Amino acid sequence: VQLQASGGGLVQAGGSLRLSCAASGRTFGNYGMGWFRQAPGKEREFVAGINWSGDSTYYADSVKGRFTISRNNAQNTVYLQMNSLKPEDTAVYYCAGDRRIFALVPTPRFDAYDYWGQGTQVTVSS
């Protein structure tokens, strides 16, 4: 399974970015997906998750109301729309594939994800 994240960049505070993650190697539509991030000197943390069908999402409190996760199963792609960005959102963002098939709800648990993309850098300037 390969996950290829893209869309990161440098943006001013208050701006927006849209991350994409293209998946290959297994039936994408059978599994949930998640986005995590890791800032320098900090542990990787959960950002958002979406179940296999796209009708259930879950967000970290720090991004709720600003970020939106979505997916297109026909294109094997998951997205993270990030609005009202803050300097504290600066991190490397990783997409990840849930190991659970047809799970009804996404999970923030790190150990539930068994495939990881390479990461894309997001930098928010103040």
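Conventions we followed
- What you see as residue numbers is a count from 1 along each chain, following the sequence as written.
- Residue-level local features of this predicted model are given only where pLDDT is at least 70; pairs of side-chain atoms are given and counted only at 80 or more, and the full residue set underlies all totals for whole chains, interfaces and linings.
- The side-chain numbers reported here are obtained from all heavy atoms of the structure, hydrogens and water having been left aside.
- A run of H or I in DSSP becomes a helix once it reaches four residues, and a run of E becomes a strand once it reaches two; helices and strands are each numbered from the N terminus.
- In this analysis, two residues are considered to be in contact whenever any of their non-hydrogen atoms come within 4.5 Å of each other.
- Only strands that DSSP links by at least two bridges are regarded as paired with each other.
- The axes used here are C-alpha line fits, helices contributing only the stretch in contact, and every angle between their N-to-C directions lies in the interval 0 to 180 degrees.
- For the purposes of this analysis, a disulfide is any pair of cysteine sulfur atoms at a distance within 2.5 Å.

> Honestly, unusual backbone geometry in this entry has me stumped. Any pointers?
One can expect most non-glycine residues to show negative phi and most peptide bonds to be in trans. The phi angle at Ser84 is positive, at roughly 50°, despite the residue not being glycine. Its location among the elements puts Ser84 in the loop between strand 8 (77-82) and strand 9 (91-101).

> What is the right way to read the environment of Met33 from this model?
Of note, Met33 is situated in strand 4 (residues 31-38). Separated by 37 residues in the primary sequence, Met33 and Ser70 place their C-alpha atoms 9.4 Å from one another. Excluding its chain neighbours within four sequence positions, the residues that come into contact with Met33 are Leu3, Cys21, Phe28, Ala48, Gly49, Ile50, Ile69, Arg71, Val78, Ala96, Gly97 and Tyr113.

> Teacher, can you tell me more about the pairing of strand 3 (residues 17-24) here?
Where a strand is regular, its side chains alternate between the two sheet faces. Where strand 1 (residues 2-6) and strand 3 come together, 5 bridges link them in antiparallel fashion. Pairing of Leu3 across the sheet is with Ala23, part of strand 3. Two elements, strand 3 and strand 8, share 6 bridges in a ladder whose sense is antiparallel. Across the sheet, Cys21 pairs through a bridge with Val78, a residue of strand 8.

> Just checking my understanding: could you explain the sheet that holds strand 7 (residues 67-72) for this structure?
Within a beta sheet, neighbouring strands are joined by backbone hydrogen bonds and run either parallel or antiparallel to one another. One open sheet holds the 4 strands; their spatial order is 1-3-8-7, and the pairing between them is antiparallel. One side of each edge strand has no neighbouring strand; the edge strands of this open sheet are strand 1 and strand 7. The average undirected angle you get between the axes of adjacent strands in this sheet is 15°.

> Quick question: what am I supposed to make of the state of the cysteines here?
Disulfide: a covalent bond connecting the sulfur atoms of a pair of cysteines. The final tally for this structure, using the stated rule, is 1 disulfide. A disulfide bridge connects Cys21 with Cys95, and the sulfur atoms are separated by 2.1 Å. Measuring the twist about the S-S bond at about 60°, one finds the Cys21-Cys95 disulfide to be right-handed. Linking Cys21 in strand 3 with Cys95 in strand 9, this pair joins segments that are 74 residues apart in sequence.

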